[in-house]
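# Architecture and fold: a report
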Amino acid sequence: MKILSIFSGGLDSTALIAVLAAAGHQLRSISINYGQRHRREIDHAVQVAARLHIPHEIVDLSNLGAILTGSSQTDTALDVPSGHYTDQSMRITVVPNRNMIFLAVATGRALSLGFEAVAFGAHRGDHAIYPDCRAEFVAAMQNALQCCDYSSIKLITPFLNYSKAEIVQAGAAAGAPFELTYSCYRGGEKHCGTCGTCVERKEAFALANVADPTNYQS
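Summary of the structure given here. By convention here, each chain's residues receive numbers from 1 onward along its written sequence. Thresholds applied to this predicted model are a pLDDT of at least 70 for local features of residues and 80 or more for the giving and counting of side-chain atom pairs; totals over whole chains, interfaces and linings are not thresholded and use all residues. Working from all heavy atoms in the structure, the side-chain values ignore hydrogens and water.

### A few points about the side chain of T197
Here a strand is any run of E in DSSP of at least two residues, a helix any run of H or I of at least four, and the numbering for each starts at the N terminus. Secondary-structure assignment places T197 in helix α6 (residues 196-208). When accessible area is computed with a 1.4 Å probe and restricted to protein chains, residues below 20% of their type maximum are described as buried, those above 50% as exposed, and intermediate ones as partly exposed. Owing to a relative accessible area of 7%, T197 belongs among the buried residues under this scheme. Contacts are assigned to residue pairs that have any heavy atoms within 4.5 Å of one another. Leaving out residues up to four positions away in the same chain, T197 has contacts with Y85, S183, C184 and Y185.

### Overview of the pairing of strand β1 (residues 2-6)
Regular strands place their side chains on alternate faces of the sheet. Most of β1 is tucked away, with four of its five residues classed as buried. Should DSSP find at least two bridges between two strands, the strands are taken to pair. With five bridges connecting them, β1 and strand β2 (residues 26-33) associate as parallel partners. From the neighbouring strand, L4 faces β2, where its bridge partner is R28. Since β1 and β2 lie parallel, the crossover through helix α1 (residues 11-22) that links them has a hand, and here it is right-handed. By convention, a crossover is right-handed whenever its connection, traced from the first strand over the helix to the second and viewed with the strands pointing away, goes clockwise.

### Some details on the state of the cysteines
In what follows, a disulfide is any cysteine sulfur pair within 2.5 Å. Per the stated rule, a full pass over the model turns up zero disulfides. No disulfide involves C133; its nearest neighbouring cysteine sulfur is the one of C195, lying 16 Å away. Looking at C133, the relative accessible area reads 7%, which means it is buried. Left unpaired, C198 is separated from the closest cysteine sulfur, that of C195, by 3.7 Å.

### What about the environment of K202?
As for its position among the elements, K202 is in helix α6. Classification of K202 by relative accessible area gives partly exposed; the value is 29%. Each residue touching K202, except ones within four places of it in the same chain, is listed here: G193, D212, Y216 and S218.

### With respect to the packing of helix α5 (residues 164-173) against α6
To get an axis, fit a line to the C-alpha atoms, keeping to the stretch in contact for a helix; angles then go from 0 to 180 degrees between the N-to-C directions. Here α5 crosses α6 at 65 degrees, and the two axes come no closer than 8 Å. When the axes of α5 and α6 are compared, the crossing they make is right-handed. Contacts from K164, A165, V168 and Q169 of α5 reach α6 at E200, A204, F205, L207 and A208. Tallied by class, residues from the contact of α5 with α6 come to six nonpolar, one polar and two charged. Two helices that cross are described as forming a left-handed crossing if the nearer one is turned anticlockwise from the farther one by less than a right angle, and a right-handed crossing if clockwise. Basically, the charged four are Asp, Glu, Lys and Arg, the nonpolar ten are Ala, Val, Leu, Ile, Met, Phe, Trp, Tyr, Cys and Pro, and anything else, Gly included, counts as polar.

The analysis is restricted to geometry; functional conclusions fall outside its scope.
As structure tokens, this is what we get:
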């Protein structure tokens, strides 16, 4: 199958493209600069795609950050909270309608390429805080993709019911280069070790019994 995968350069999306590639699909990957605080992740996406020999492109929507307000990921005046994804404090990291925007862009590109599907790495661990990673959202978007164009296109979310640890295990088995990935919401040179994505990343490697190659500040 010809699949265009939304690709941040983080742990989940890297595991996703590694798993899809190992399954023999024809892949391309797409990253979106939406003015995020942690846009350093896109540099890592470039490195991962090159390592896996997957064609990759970057869409510049950096002006979006100015209108997607109220999130610590687009407004540097807001502090990125420390803690776990299940903490209510993580709600400030929600970027309004981010995944619908990403899927709209990726679907348009996939249709232009004549591809059959779009993939993204939503997973069970995101459900507590991120509405646009839940099964209801995915089902609605699957329906929308069926009536957005003359051509039919699928939405693939193989990790939707996976825990983060299960994603690590699947990615490791598929040869995902986790040492090249970047997840930190604070966007520093090193992973901070205390923001929600860093805490969940540490936990996932530990629970998966896979060595964590990440260099954390703390």
